[in-house]
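For reference, the chains in residue letters:
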Amino acid sequence: MEKVIVFDFDGTLTQKGANVWKTLWEMAGYPTGEGSTYRNLFRDYINGEYSYQKWCDLTCEYFRKGNLNSIKVSTTGAILPRIKGIKNTLEVLKSKGYDLFIVSGSIKQIIKSYLKENINYFTGIYANNFNYDNNGIIESITATPFDFDGKKVFIEHLINSGIKKENIIFIGNSYNDEKVSSAGVKTICINPETKNFNDKSIWHKAIISESLSKILPEIINENENIK
Ligand SMILES: [Mg+2]
């Protein structure tokens, strides 16, 4: 690998506003408004009351009680609001020699059912994994080590494996992506869900667009032909 683009998933490769975890809580029959368990558990995680794995474990208990099964999970992925231009954008980036990764706090099974055949453009997908029992009901969640601060750790692994910082670009949209810039790679914020999108120390460029293809001019430029 020489050149790498790392994508966040939720709100980056999907349309703004679509939140996978929220949709899953709803699929499991729970409210998601002010004061809901969904919001309280996440707030407590953010406030440092427990680990990311513990947050996954607590979430899983509720999902299991709500009989969340593999079919509902796949359906949630398949019907997520789509961002335009995915296939074309991934195609162009591959043709320019980029290896593509997803590093996400979403769920592998959701990402697969959303991307369908476009999954083949990616060299690797890192996200939380749902494990199901024999009846297809969720039994446990294996937490990704690469969300929040972990996204930066993933980028550092790439750098340590010999890929130059200047050949790594990260595309994200929200607060859980914001440690990445401190790894010294270029960061692009698409359809921001973070108030920091104009802070150049965190995001080098912000783009608001219905189409993912708007990232292409930021990546492919006149320097592209210089080896
Ligand atoms: Mg996101």
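Note on numbering: residues in each chain are counted from 1, in written sequence order. Whole-chain, interface and lining totals are the exception, using all residues; otherwise, since this is a predicted model, local features are given only for residues with pLDDT of at least 70 and side-chain atom pairs are given and counted only at 80 or more. Working from all heavy atoms in the structure, the side-chain values ignore hydrogens and water.

## So, the sheet that holds strand E3 (residues 122-132)
Point 1. DSSP bridges decide pairing: two strands pair if at least two such bridges lie between them. Under the DSSP-based scheme used, a helix requires at least four consecutive residues in state H or I and a strand at least two consecutive residues in state E, with every element numbered from the N terminus. Reading across from one edge, E4-E3-E2-E1-E5-E6-E7 is the order of the seven strands in this open sheet, with mixed pairing throughout. Both edges of this open sheet fall to strand E4 (138-142) and strand E7 (205-207), since each of them pairs with a single strand only. On average, adjacent strands in this sheet sit at an angle of 25 degrees to one another, irrespective of strand direction.
Point 2. In terms of strand pairing, strand E1 (residues 3-7) meets strand E2 (residues 98-107) through five bridges, oriented parallel. Each residue of the ladder has a partner; that of Val6, found in E2, is Phe101. Every axis in this analysis is a line fitted to C-alpha atoms, fitted for helices over the stretch in contact. Angles between the N-to-C directions lie between 0 and 180 degrees.

## Observations regarding helix H7 (residues 149-160)
Point 1. Multiply 1.5 Å by the residue count of a helix minus one, and that product is the helix's expected span. Between its first and last C-alpha, H7 extends 17 Å over 12 residues, near the 16 Å set by a 1.5 Å rise per residue.
Point 2. Tucked inside the fold, the buried residues of H7 contact E1, E2, E3 and strand E5 (168-172). For this analysis, residues touch if any pair of their heavy atoms sits within 4.5 Å.

## Some thoughts on the coordination of the magnesium ion
Point 1. Shown as donors are all N, O and S atoms within 2.8 Å of a metal ion, widened to 3.2 Å for Na, K and Ca; because water is not in the atom set, sites may appear incomplete. For the magnesium ion, the protein coordination sphere consists of Asp8 (OD), Asp10 (O) and Asn173 (OD1), at 2.1 to 2.2 Å.
Point 2. Here the donor residues for the magnesium ion map to a single chain with the spacing D-x1-D-x162-N. Of this pair, Asp8 sits in the loop between E1 and helix H1 (20-27) while Asn173 is found in the loop between E5 and strand E6 (186-190), placing the two residues 165 residues apart along the sequence.

## Some points on the domain arrangement of the protein
Point 1. Domain annotation for the protein reports domain 1 (3-16 + 81-128 + 144-225) and domain 2 (20-78).
Point 2. Each domain's extent was defined by an automatic or database domain assignment. Just the C-alpha atoms count here: the centres of domain 1 and domain 2 sit 24 Å apart.
Point 3. At the junction of the two partners, domain 1 supplies 15 residues and domain 2 supplies 13 residues.
Point 4. Buried surface area refers to the total accessible area, computed with a probe of radius 1.4 Å, that the two partners give up upon joining, counted for both partners together. For the pair domain 1 and domain 2, the summed buried surface comes to about 1000 Å²; carbon and sulfur atoms form 65% of the total.
Point 5. Its largest share of buried area at the contact with domain 2, domain 1 owes to Ile107, Ile110 and Phe148, together 44% of the area lost on that side.
Point 6. Salt bridges are identified by distance alone: a Lys or Arg side-chain nitrogen within 4 Å of an Asp or Glu carboxyl oxygen. At the junction of domain 1 with domain 2, the criterion picks out zero salt bridges.
Point 7. A 3.5 Å cut-off defines polar contacts: any pair of N or O atoms within that distance qualifies, except that in protein one atom must be a possible hydrogen donor and the other a possible acceptor, and neighbouring residues in sequence count only when both atoms are side-chain atoms. In this assembly, domain 1 and domain 2 are joined by five residue pairs in polar contact (both at pLDDT 80 or more).

## Side note on H1
Point 1. Taken together, the buried positions of H1 are Val20, Trp21, Leu24 and Trp25. All buried residues of H1 lie within an arc of 140 degrees about the axis, which places them on one face of the element.
Point 2. Where H1 starts, the residue carrying a side-chain oxygen 3.0 Å from the main-chain nitrogen of Trp21 turns out to be Asn19. With a 1.4 Å probe rolled over the protein chains alone, any residue whose accessible area is under 20% of its type maximum counts as buried; one over 50% counts as exposed, and the rest are partly exposed. By arc we mean the arc of the directions from the helix axis to the C-beta atoms, nothing more.

## Notes on the pattern of salt bridges
Point 1. Applying the stated criterion to the full structure yields 10 salt bridges.
Point 2. Taking the shortest distance from any N to any O, the salt bridge between Lys22 and Glu26 comes out at 3.5 Å. Pair noted here: Lys22 and Glu26 are both in helix H1, with a separation of four residues, about one helical turn.
Point 3. The class of Lys22 is partly exposed, set by a relative accessible area of 31%.
Point 4. Lys84 is the partner of Glu210 in a salt bridge, and the nearest nitrogen-oxygen pair spans 2.9 Å.

## Regarding the nonpolar core
Point 1. Residues belong to a common nonpolar core when they are buried Ala, Val, Leu, Ile, Met, Phe, Trp, Tyr or Cys residues joined through side-chain atoms within 4.5 Å. Membership of the largest hydrophobic core comes to 53 residues, with the highest contact counts inside it found for Phe7, Leu93, Phe130 and Ile219.
Point 2. Here this core gets six residues from one element, more than from any other, and that element is helix H3 (residues 52-65).
Point 3. Three or more residues apiece are contributed to this core by two domains, here domain 1 (3-16 + 81-128 + 144-225) and domain 2 (20-78).
Point 4. For Phe7, the contacting residues outside a window of four places in its chain are Thr12, Leu13, Leu90, Leu93, Leu100, Phe101, Ile102, Val103, Phe122, Ile171, Leu212 and Ile215.

## A closer look at the packing of aromatic side chains
Point 1. For Phe, Tyr and Trp, rings pair up if their centres lie within 6.5 Å, where Trp contributes its six-membered ring, and each pair is then called stacked (planes under 30 degrees apart), edge-to-face (over 60) or tilted (otherwise). All told, the structure shown has 24 aromatic pairs when counted by the stated rule.
Point 2. Their ring planes at 55 degrees and their centres at 5.0 Å tell us that Trp21 and Trp55 sit as a pair that is tilted. Of this pair, Trp21 sits in helix H1 while Trp55 sits in helix H3, and the two are 34 residues apart along the sequence. Neither Trp21 nor Trp55 differs from the other in exposure class; each is buried.
Point 3. Between Phe146 and Phe154, the aromatic rings sit 5.3 Å apart at their centres with planes inclined by 75 degrees, giving edge-to-face as the arrangement. In this pair, the class of Phe146 matches that of Phe154, namely buried.
Point 4. Through pairs of rings, three or more aromatic residues link up here, namely Trp21, Trp25, Tyr30, Tyr38, Phe42, Tyr45, Tyr52, Trp55, Tyr62, Phe63, Phe130 and Phe148.
Point 5. Above the plane of the ring of Tyr98 lies Lys3, whose end atom (NZ or CZ) is 4.3 Å from the centre. Whether a charge sits over a ring depends on NZ of Lys or CZ of Arg being within 6 Å of the ring centre and within 35 degrees of the ring normal.

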